[in-house]
Amino acid sequence: MEKRNMYPEMPPLPGGMPDAPPSYNQSFNPSAPSSADMAAPMMSSYGPGGPRPQPIMVQTMAPPIPPLGPRPCLVVCPSCREQKMSNIRMESTTKTHLAALIMCLVGLCCCACIPYCVDSCKNANHYCGNCDAYLGSYSK
Ligand SMILES: [Zn+2]
């Protein structure tokens, strides 16, 4: 109790200069409490508050690609997220080379190029019609 009286905040002369201390407090008060009020709600909103960012789960979710067929199909591209008809490029696989090899071994060398010309011997690779990203391949 007595220590508080020791502080210089308490004017030692109550009747000497009544104007100086109140004017200083009035000019100082508006700034001090406002800054304190600003800090308090910010802290409370950050800490236990409900606003937690949730869309992280949605961001990583990639749209599933439906089973791809031998023909162009409507696919949601996981790369550009556009729903587009897929472009198909027939690419020869080891099965294609094997068929050509068998043709040669059987003696049908002239027919060895047939597997490379027949789409049924190749894989159908699907590419995005918008960004040309590889979507998947269909093999028989
Ligand atoms: Zn795309």
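Residues numbered from 1 in each chain as written. Predicted model: local features only at pLDDT ≥ 70, side-chain atom pairs only at ≥ 80, totals over all residues. Heavy atoms only, no water.

### Topic: helix α5 (residues 94–106)
For an α-helix, 3.6 residues make a turn, and residues three or four places apart therefore share a direction.
And then number 1: Look at α5: 18 Å from first C-alpha to last across 13 residues, which is about the 18 Å you get at 1.5 Å a residue.
And then number 2: Just past α5, the residue G107 takes up positive phi, approximately 110°. (Helix = DSSP H or I, 4+ residues; strand = E, 2+ residues; numbered from the N terminus. Expected span 1.5 Å × (residues − 1).)

### Observations concerning the environment of P67
And then number 1: Looking at where P67 falls in the secondary structure, it is placed in the loop between α4 (56–60) and β1 (74–76).
And then number 2: Residue P67 is classed as exposed on the basis of its relative accessible area, which comes to 80%.
And then number 3: In sequence terms P67 and Y138 are 71 residues apart; their C-alpha atoms lie 8.4 Å from each other. (Buried < 20%, exposed > 50% of the residue type's maximum accessible area, 1.4 Å probe, protein only.)

### Some remarks on the coordination of the zinc ion
Six octahedrally arranged donors around a metal ideally form angles of 90 or 180 degrees; four tetrahedrally arranged donors ideally form angles of 109.5 degrees.
And then number 1: Protein coordination at the zinc ion: the donors are C77 (SG), C80 (SG), C128 (SG) and C131 (SG), at 2.2 to 2.3 Å from the metal.
And then number 2: Because the angles between the four donor atoms bound to the zinc ion fall within 105 to 115°, the donor set is best described as tetrahedral.
And then number 3: Donor residues for the zinc ion sit on one chain with the sequence pattern C-x2-C-x47-C-x2-C.
And then number 4: Under the relative-accessibility criterion, C77 is labelled buried at 1%.
And then number 5: For C80, a relative accessible area of 26% corresponds to the partly exposed category. (Donors = N, O, S within 2.8 Å, 3.2 Å for Na, K, Ca; no water. Tetrahedral: all angles 85-135°; square planar, octahedral: opposite > 155°, others 65-115°.)

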